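Working through the structure, step by step
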Amino acid sequence: MPEAGGTLLGKLLVEDGSGVVEYLTLPGKGDRQSRFGFFRSRRHQREGLRYWQANDETGVYLGLWHTHPEATPKPSSVDLADWRRAVSEDVYHGKGIIFVIVGTDSIGFWHGGANQQLCHLGHLKHQNQEVGGV
């Protein structure tokens, strides 16, 4: 299967600044997918804007997700370059962005911000069940 990806959208909690992912964009028209790569089209940005508007301008962009054809996913040099671009150019409201890579056996989580070093938050095993064709 080709790689897939999208954006993570949700709410920031006022109490502690943490975020809650409520919605994610899925691959679709305009995206480019291959066995070892995924390119997000501008459609994901438009979906994020619609999400923000539908949630009384409180829904925010929290991060990016994509798949990897490996059991315990780790970011490639292409991923790291994309993440550096995202934290320096994307508009986000929290202290940083969450990056998620869904592997064949586990899901990896990272966090980074404009003035922060990328931090690996850990991996969670999953049941390897396809969700929404992803």
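Preceding this section is the structure that the text describes.
Below is a summary of the structure that appears in this document.

The next subject is the environment of E70. Structurally, E70 can be placed in the loop between strand 5 (60–67) and helix 2 (77–89). Along the primary structure E70 and G103 are separated by 33 residues, whereas in three dimensions their C-alpha atoms are 5.3 Å apart. Look past the residues within four positions of E70 in its chain and what remains in contact with it is G103, T104 and D105. A polar contact is formed between the side chain of E70 and the backbone nitrogen of K74, at a distance of 3.1 Å.

What follows covers the packing of aromatic side chains. Each aromatic ring pair is described using two quantities: the centre-to-centre distance and the angle formed by the ring planes. Counted under the stated rule, the structure contains three aromatic pairs. Measuring from centroid to centroid gives 5.9 Å for Y23 and Y51, while their planes differ by 15 degrees, and the two rings are stacked. Here the residue Y23 occupies a position in strand 2 (residues 19–24), and Y51 occupies one in helix 1 (residues 43–54), the gap between them amounting to 28 residues. On the basis of relative accessibility, which here comes to 10%, the residue Y51 falls in the buried class. Where W83 meets W110, the ring centres are 5.6 Å apart and the plane angle is 45 degrees; that geometry is what we call tilted. Here W83, found in helix 2, pairs with W110, found in strand 7 (residues 106–112); they are 27 residues apart in sequence, far enough to count as distant. We note that W83, like W110, is buried. Among the aromatic residues, those joined into a ring-pair cluster are W83, F99 and W110. Cation over ring: R32 sits above F39, and NZ or CZ is 4.2 Å from the ring centre. It is R35 that lies over the ring of F36; its NZ or CZ is 5.6 Å from the centre.

Calculation criteria
- Residues numbered from 1 in each chain as written.
- Predicted model: local features only at pLDDT ≥ 70, side-chain atom pairs only at ≥ 80, totals over all residues.
- Heavy atoms only, no water.
- Helix = DSSP H or I, 4+ residues; strand = E, 2+ residues; numbered from the N terminus.
- Contact = heavy atoms within 4.5 Å.
- Polar contact = N/O pair within 3.5 Å; in protein donor to acceptor, adjacent residues only side chain to side chain.
- Phe/Tyr/Trp six-rings, centres within 6.5 Å; stacked < 30°, edge-to-face > 60°.
- Buried < 20%, exposed > 50% of the residue type's maximum accessible area, 1.4 Å probe, protein only.
- Lys NZ or Arg CZ within 6 Å of the ring centre and 35° of its normal.

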